[in-house]
Number of protein chains: 2
Amino acid sequence: MVKLTSQRQALLDFINASNRHWDADELARALADAGTPMGIATVYRGLAALESAGLLDSIQLADKKRYERADKAHHDHMICTDCGAIEEFAHPTIESLQLSVAADRGFTVSGHQLVIFGLCRGCSNQGL
Amino acid sequence: MVKLTSQRQALLDFINASNRHWDADELARALADAGTPMGIATVYRGLAALESAGLLDSIQLADKKRYERADKAHHDHMICTDCGAIEEFAHPTIESLQLSVAADRGFTVSGHQLVIFGLCRGCSNQGL
DNA sequence: ATGATATTGATAATGATTATCATTTGCATC
DNA sequence: GATGCAAATGATAATCATTATCAATATCAT
């Protein structure tokens, strides 16, 4: 049975209080700075526990996994390859088209991940 | 200046001759078995060189990068979480919807990656 | 208080990928 | 054919995120 310990609560609060996407290392440092340090292994385990409890969402990027609030509806991501900003978007039609193309192949969908890479508005305008 | 050496040609031939998605380690072993061994670092560098030359495509999965032929049109992937099979699909409407949602945000798209996770037809039927 | 169970934390281990660096190869030029 | 240069190669060390190990600790019901 998974417990929502005070440390896990701290992790959850930290993420819920922000709009960012955090990786384990960033969280460990932020919590240490906030005066509530916890071992890095505990951070990893806590994040995994919170995610499997549905209290956090995550995106698995090429190199690392980043966690975000779970209190929103499903969405996908757009990542700026210049400044690293992560924007979220939801597109019901894209979702349903995915399901239909999967169904055509006899595929039982359990999840998906769509990431669009490019330059955000600000970085697109840098070059002007 | 990047050279297409005989070893890189061997890598390319190996991938082009198959329908699989290969990771660096699998390729190193397969090439060794085929009697043309090459250092693992050379495999990594060769794959990166071939990809940047547009001769190979790749998908970056959670843990590792897999390479595939580049002689097909752009497509996305469906991965069976049970048997590991990777199926390809193309869906022009999904593509164009992505571009339009990105444009709405002022985002200049350079690429994207869509992966659908689930059970392939065969594995879906296992449980019946 | 007693146990049973889950968590924590320090640290080792893992696994994919990249960096290092001395050596070798391929090619153009003399 | 010799020389020189730029790029490639290979063995191996290093990196980096993540997971495993394991002893110590906390939580909670009885």
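Residues numbered from 1 in each chain as written. Chains lettered and ligands numbered in written order. Predicted model: local features only at pLDDT ≥ 70, side-chain atom pairs only at ≥ 80, totals over all residues. Heavy atoms only, no water.

**Points about the relation of the copies chain B and chain A**
The relation between the two chain copies is a rotation about an axis coupled with a shift along that axis. Note the following rule: Copies are brought into register by a least-squares superposition over C-alpha atoms of residues with pLDDT of at least 70 in both. We call two residues in contact when some of their heavy atoms are within 4.5 Å.
With an RMSD of 0.1 Å, chain B superimposes on chain A once it is rotated by 180 degrees and translated 0.0 Å along the axis. Here the symmetry operator amounts to a two-fold rotation axis. Of the C-alpha atoms belonging to chain B, the one lying closest to the rotation axis is found on Leu 114 of chain B, 2.1 Å away. Here 100% of the contact residues of chain B are again contact residues in chain A; the copies associate through an equivalent surface.

**Let's talk about the UniProt feature "binding site: Fe cation" (unreviewed entry) in chain A**
All names here are of chain A. Filter applied, for reference: UniProt positions are given in the numbering used here, feature names are shortened, and annotations may be inferred rather than shown by experiment. Buriedness for pockets is judged along seven lines, at least five of which must meet protein on both sides within 12 Å for an open set on the 1 Å grid over protein atoms alone, while cavities are sets there where a 1.4 Å probe fits but cannot get out, and lining residues have an atom within 4 Å of a point. Under the DSSP-based scheme used, a helix requires at least four consecutive residues in state H or I and a strand at least two consecutive residues in state E, with every element numbered from the N terminus.
Here, UniProt's "binding site: Fe cation" (unreviewed entry) annotation points to His 74, Asp 76, Glu 95 and His 112. For the residues just named, distributed over 39 residues, the greatest C-alpha separation is only 10.5 Å, placing them together at one site. Within the annotated group just given, the residues that line the largest pocket are His 74, Asp 76 and His 112. Summarising the element assignment, Asp 76 is placed in strand β3 (residues 76-80). Not counting residues within four places of it along the chain, the set of residues in contact with Asp 76 comprises Glu 87, Glu 88, Phe 89, Glu 95, His 112 and Leu 114. Inspection of the secondary structure assignment puts Glu 95 in helix α4 (residues 92-104). In this structure, Glu 95 is in contact with His 74, Asp 76 and His 112, ignoring residues within four places of it in sequence.

**As for the pairing of strand β2 (residues 65-69) of chain B**
Residue and element names in this part refer to chain B. Basically, it comes down to this: To sort residues, take the accessible area from a 1.4 Å probe on protein chains only and compare it with the maximum for the residue type: under 20% means buried, over 50% means exposed, and anything in between is partly exposed. Strands are treated as partners if at least two bridges between them are detected by DSSP.
Taking burial as the measure, the five residues of β2 include four buried ones, the bulk of the element. Two elements, strand β1 (residues 56-60) and β2, share five bridges in a ladder whose sense is antiparallel. For Leu 56, the partnering residue across the bridge sits in β2 and is Arg 69. Counting the residues between successive antiparallel strands, the hairpin from β1 to β2 contains four residues.

**Focus: the layout of surface pockets**
Vacant regions in the atomic arrangement are exposed by a probe of water-molecule size rolled over the atoms. Put simply, the rule reads: Grid points are joined across faces, edges and corners, and a volume is the space filled by probe spheres set on the points. The nonpolar class holds Ala, Val, Leu, Ile, Met, Phe, Trp, Tyr, Cys and Pro. Asp, Glu, Lys and Arg form the charged class, and all remaining residues, Gly among them, are polar.
When its volume is computed, the largest pocket comes out at roughly 740 Å³. Contributing to the lining of the largest pocket are 33 residues, with Ile 59, Gln 60, His 112 and Gln 113 of chain A together with Phe 117 of chain B lying nearest its centre. Those elements giving two or more residues to the lining of the largest pocket turn out to be β1 (56-60), β2 (65-69), β3 and β5 (108-119) of chain A together with β3 (76-80) and β5 (108-119) of chain B. Examining the composition of the lining of the largest pocket, we find that five residues originate from one element, β5 of chain A, more than from any other. Among the residues forming the lining of the largest pocket, the class breakdown is 14 nonpolar, eleven polar and eight charged. Empty space within the second largest pocket amounts to approximately 180 Å³. As for the second largest pocket, its lining consists of 15 residues, and the residues nearest its centre are Ser 58, Ile 59, Glu 68, His 74 and His 75 of chain B. Going through the elements one at a time, β1, β3 and β5 of chain B are the ones with two or more residues in the lining of the second largest pocket.

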